[in-house]
Amino acid sequence: MDKIHHIAVQVENLKESLAWYIQEFDVEIMYQDDTWAMLQFENMQLALVLPDQHPGHFAIESKNASEYGELKKHRDETASIYIKDPAGNSIEILELPKE
């Protein structure tokens, strides 16, 4: 069964938003650079992304990610492709690194 890996919300100021989420909630920073950050909640991850760098989306972790097209490798060792559902929502189909 596929699972939702993370939800990505767009923020105007990454540092300010990251500080707010850390202050307000019990979360851990999993990854951070100049264009996005990944926060770990107990049950899932939340990505904070800049509008000109990444679309707002949710990511589905799939063993069959490559069936959706050519995957783009990312700095965090994942690979993915963005697709749209029939309503036009952005969905990231994500392949985690092989262990």
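Presented here is a report on the structure given in the accompanying data block. For clarity, every value in this text was computed on a predicted model and none was experimentally measured. (Residues numbered from 1 in each chain as written. Predicted model: local features only at pLDDT ≥ 70, side-chain atom pairs only at ≥ 80, totals over all residues. Heavy atoms only, no water.)

Right, let's get into the overall build of the chain. Along the chain, the regular secondary structure elements total one helix and eight strands. If you list the helices and strands of the chain from N to C, you get β-α-β-β-β-β-β-β-β. Compactness check: the chain gives a C-alpha radius of gyration of 14 Å against a globular reference of 13 Å for 99 residues, within 12% of the reference. Its C-alpha atoms give the chain principal-axis dimensions of roughly 40 × 30 × 25 Å. Each of the 99 residues in the chain was classed as buried or not, and the buried ones make up 38%. (Helix = DSSP H or I, 4+ residues; strand = E, 2+ residues; numbered from the N terminus. Rg over C-alpha atoms; globule rule 2.2 N^0.38 Å. Buried < 20%, exposed > 50% of the residue type's maximum accessible area, 1.4 Å probe, protein only.)

Let us now look at the packing of aromatic side chains. One pair of aromatic rings is described through two measures. These are the centre distance and the angle between the planes. Throughout the structure, instances matching the rule amount to five aromatic pairs. Aromatic pair W20 and Y21: ring centres 4.9 Å apart, planes at 90°, arrangement edge-to-face. Seen in terms of ring centroids, F25 and F41 are 6.0 Å apart; in terms of plane orientation they differ by 50°. Their pairing is tilted. With F25 in the loop between α1 (14-24) and β2 (28-32) and F41 in the loop between β3 (36-40) and β4 (45-49), the pair connects residues that are 16 residues apart, well separated along the chain. The class of F41 is partly exposed, set by a relative accessible area of 23%. Among the aromatic residues, those joined into a ring-pair cluster are W20, Y21, F25 and F41. (Phe/Tyr/Trp six-rings, centres within 6.5 Å; stacked < 30°, edge-to-face > 60°.)

In this sheet, strand β5 (residues 57-61) lies alongside strand β1 (residues 3-10) in antiparallel orientation, the contact comprising five bridges. Pairing of I7 across the sheet is with F58, part of β5. Bridge analysis of β5 against strand β8 (residues 90-95) gives four bridges, and the strand direction is parallel. Across the sheet, residue A59 finds its bridge partner in β8, namely E92. (Pairing = 2+ DSSP bridges.)

This part is about α1. Among all positions of α1, only L14, S17, L18 and Y21 are buried. Axial view of α1: buried residues confined to an arc of 100°, hence all on one face. Away from its buried face by more than 90 degrees, α1 exposes K15, E16 and Q23. Tucked inside the fold, the buried residues of α1 contact β1, β2, β3 and β4. Two to three positions downstream of the cap, the backbone nitrogen of K15 sits 3.2 Å from a side-chain oxygen, assigning the N-cap of α1 to N13. (Arc of directions from axis to C-beta. Contact = heavy atoms within 4.5 Å. Polar contact = N/O pair within 3.5 Å; in protein donor to acceptor, adjacent residues only side chain to side chain.)

Below, the discussion takes up the pairing of β8. Of all six residues in β8, six are buried; the element is thus mostly enclosed. Residue alternation in β8 divides its side chains into two sets, S90, E92 and L94 and I91, I93 and E95, and both sets are buried. Where strand β7 (residues 79-84) lies against β8, six bridges are found, and the strand directions are antiparallel. Along β8, the bridge assignment pairs I81 with I93. Connecting β7 to the next strand, β8, in antiparallel fashion are five residues, including G88 with a positive phi near 90°.

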